[in-house]
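Secondary and tertiary structure notes
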Amino acid sequence: MSGFIDLHCHFLAGIDDGAKTPEDGVAMLRALGQIGFTRVIATPHMRPGLFDNTRETSRAAFDRMRAHLAPDLPAVDLSTEHYFDDVIFSRIMNDEALPYPGERAVLLEFYESDFPLSIDRRLADLRVKKQLVPVIAHPERYQRIWRDPDVLERLVDAGAAALLDSAALVGKYGRKPKQSAEELLERGLYHAACSDAHRVSDIDEVAAGIRRIERLHGPEEVDFLLRTGPLELLSGRIPE
């Protein structure tokens, strides 16, 4: 299978905990291409106090990386993984962040243990005031979702989208995230899947995760999560 779109990857060199060198980033893109990805969106962390990236520093890193890319690699685009605290929420609302290409959806990362109390109101602000679909990165890793998967279902019903880290399905992050990913997948709560690759060695687990999606739910689910779903989110379609 081919034509996959990766909505979440850390192939930009030297900007966060992803690729350390341009050569590392190129190797990641080449490996992703070999398992069917034809478009990969860079999503470096924007997390104050840990990865102090801005829209400008991310764009500069992307421009530097492009000089190392070859025509046989997947097409690339730029966005950011926004850590959804007060600072980053303000940046998004003030047009100082980096939504997905086309500016119809935005990738969000949350606290591992819980979601902010204001999450419903703030996600509504993104949808209504900014016309952005909130895309929740790897919800299977969040302890709040382990305790109560209905929390994610409520957010999805309200217009958010959930993005599966494919490697979670083969235990990359441990037993709890694996179980959570399987349950959320069974419930039909994911609108897309991604690699969230940080280094080339991650790609084998991504490939194994994609094969597991096919074993559990068939090739049609693979096609939806890695091709149709990502295209819908980039176009700003609200999940149903």
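Structure shown above.
Reference entry: report on the structure contained in this document.

The rules behind the values
Residues numbered from 1 in each chain as written. Predicted model: local features only at pLDDT ≥ 70, side-chain atom pairs only at ≥ 80, totals over all residues. Heavy atoms only, no water. Pairing = 2+ DSSP bridges. Helix = DSSP H or I, 4+ residues; strand = E, 2+ residues; numbered from the N terminus. Contact = heavy atoms within 4.5 Å. Axes fitted to C-alpha atoms, helices over the stretch in contact; angles between N-to-C directions. Parallel < 35°, antiparallel > 145°, perpendicular 65-115°, else oblique. Nonpolar A, V, L, I, M, F, W, Y, C, P; charged D, E, K, R; others polar. Phe/Tyr/Trp six-rings, centres within 6.5 Å; stacked < 30°, edge-to-face > 60°. Buried < 20%, exposed > 50% of the residue type's maximum accessible area, 1.4 Å probe, protein only. Core = buried A, V, L, I, M, F, W, Y, C linked by side-chain atoms within 4.5 Å.

This part covers the sheet that holds strand 8 (residues 161-165). One open sheet accounts for 6 strands, arranged 3-5-6-7-8-9; its pairing is parallel. Unpaired on one side and paired on the other, strand 3 (45-46) and strand 9 (190-194) mark the two borders of the sheet. Sheet analysis places strand 7 (residues 133-137) next to strand 8, joined by 3 bridges and oriented parallel. Within the sheet, the bridge partner assigned to Ala-137 lies in strand 8 and is Leu-163. The sheet strands contacting helix 9 (residues 219-234) are strand 6 (105-109), strand 7, strand 8 and strand 9, and the helix crosses strand 9 at an angle near 115°.

The phi torsion at Gln-131 lies on the positive side, around 55°, for a residue other than glycine. Mapped onto the elements of the fold, Gln-131 is located in the loop between helix 4 (119-129) and strand 7. Of note, the phi angle at Asp-196 is positive, near 45°, even though the residue is not glycine. Relative to the helices and strands, Asp-196 is located in the loop between strand 9 and helix 8 (203-217).

The next point concerns the packing of helix 3 (residues 86-93) against helix 4. Here helix 3 crosses helix 4 at 10°, and the two axes come no closer than 11 Å. Classed by the angle they form, the pair helix 3 and helix 4 counts as roughly parallel. Counting all contacts with helix 3, which are made through Asp-86, Phe-89, Ile-92 and Met-93, the residues of helix 4 involved are Arg-122, Asp-125, Leu-126 and Lys-129. Looking at the contact of helix 3 with helix 4 residue by residue, the classes come out as 4 nonpolar, no polar and 4 charged.

The next subject is the packing of aromatic side chains. Under the definition given, this model contains 7 aromatic pairs. For the pair Phe-4 and Phe-37, a centre-to-centre distance of 5.5 Å together with 70° between the ring planes defines the contact as edge-to-face. Residue Phe-4 is located in strand 1 (residues 4-9), and its partner Phe-37 is located in strand 2 (residues 37-42); the two are separated by 33 residues in the primary sequence. Of the residues examined, Phe-4 reaches a relative accessible area of 2% and is grouped as buried. Here Phe-37 falls in the buried class, since its relative accessible area comes to 2%.

Further remarks concern the nonpolar core. Ranked by size, the top nonpolar core spans 78 residues in total, and within it Leu-7, Phe-11, Leu-12, Ile-92, Tyr-100, Leu-126 and Val-135 carry the most contacts. Leaving out residues up to four positions away in the same chain, Ile-92 has contacts with His-82, Phe-84, Ala-97, Val-106, Leu-108, Leu-126, Lys-130 and Leu-132.

This part takes up the side chain of Ser-166. You can see Ser-166 is positioned in the loop between strand 8 and helix 7 (175-187). Since its relative accessible area comes to 0%, Ser-166 is described here as buried. Leave out the neighbours within four places in its chain, and Ser-166 touches Ala-193, Cys-194, Val-206, Gly-209, Ile-210 and Ile-213.

Geometric descriptors of this kind do not, in isolation, establish any biological role.
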